[in-house]
Amino acid sequence: KPQSETNAIREEKRRGEEIKEDKKEIFNSWLLYRKEIKKEIKASSTIDSLIKKFNAETLIKCKSVVNASIENNYQGLFWDNHKGNKINKPSKITF
């Protein structure tokens, strides 16, 4: 297992709420991606919020949102841009 995955799982168990089993892989892929782009999530409050959000959403939505963010080199997850199985990219404003 990647080091960040081990640390994230250990940390979530310490705090109480755990990511649902079916979402652990996609959750950990997001944490690993953030580490790879040198934007590692370290704040426990941020991890707590992510766990709650992942647990509240469907597995399909979680995968779609995470994969779209990784594919587009985003630093964040854009849950509101998700429509069914399609991600609506934020529109670019040109002047």
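Residues numbered from 1 in each chain as written. Predicted model: local features only at pLDDT ≥ 70, side-chain atom pairs only at ≥ 80, totals over all residues. Heavy atoms only, no water.

Per the stated rule, a full pass over the model turns up four aromatic pairs. Aromatic side chains Trp30 and Tyr33 sit 5.3 Å apart centroid to centroid with 35 degrees between the ring planes, which places their arrangement in the tilted category. Note that Trp30 and Tyr33 are positioned in helix α2 (residues 24-36) at a spacing of three residues, about one turn of the helix. The exposure class assigned to Trp30 is buried, which follows from its relative accessible area of 1%. Here Tyr33 falls in the buried class, since its relative accessible area comes to 7%. (Phe/Tyr/Trp six-rings, centres within 6.5 Å; stacked < 30°, edge-to-face > 60°. Helix = DSSP H or I, 4+ residues; strand = E, 2+ residues; numbered from the N terminus. Buried < 20%, exposed > 50% of the residue type's maximum accessible area, 1.4 Å probe, protein only.)

With that settled, the discussion passes to α2. With 13 residues, α2 should reach 18 Å at 1.5 Å per residue; the first-to-last C-alpha distance of 18 Å fits that figure. Downstream of α2 by one or two residues, Lys38 has phi in the positive range, about 65 degrees. (Expected span 1.5 Å × (residues − 1).)

Moving on: the packing of α2 against helix α3 (residues 44-56). In contact at an axis separation of 11 Å, α2 and α3 are set at 145 degrees when each is read in the N-to-C sense. Our pair here, α2 against α3, has a crossing hand that is right-handed. Within the contact between the two elements, α2 uses Ile26, Phe27, Trp30 and Leu31 and α3 uses Ile47, Leu50, Ile51 and Phe54. Partitioned by chemical class, the residues of the contact of α2 with α3 number eight nonpolar, no polar and no charged. (Axes fitted to C-alpha atoms, helices over the stretch in contact; angles between N-to-C directions. Left-handed = near helix turned anticlockwise from the far one by under 90°. Contact = heavy atoms within 4.5 Å. Nonpolar A, V, L, I, M, F, W, Y, C, P; charged D, E, K, R; others polar.)

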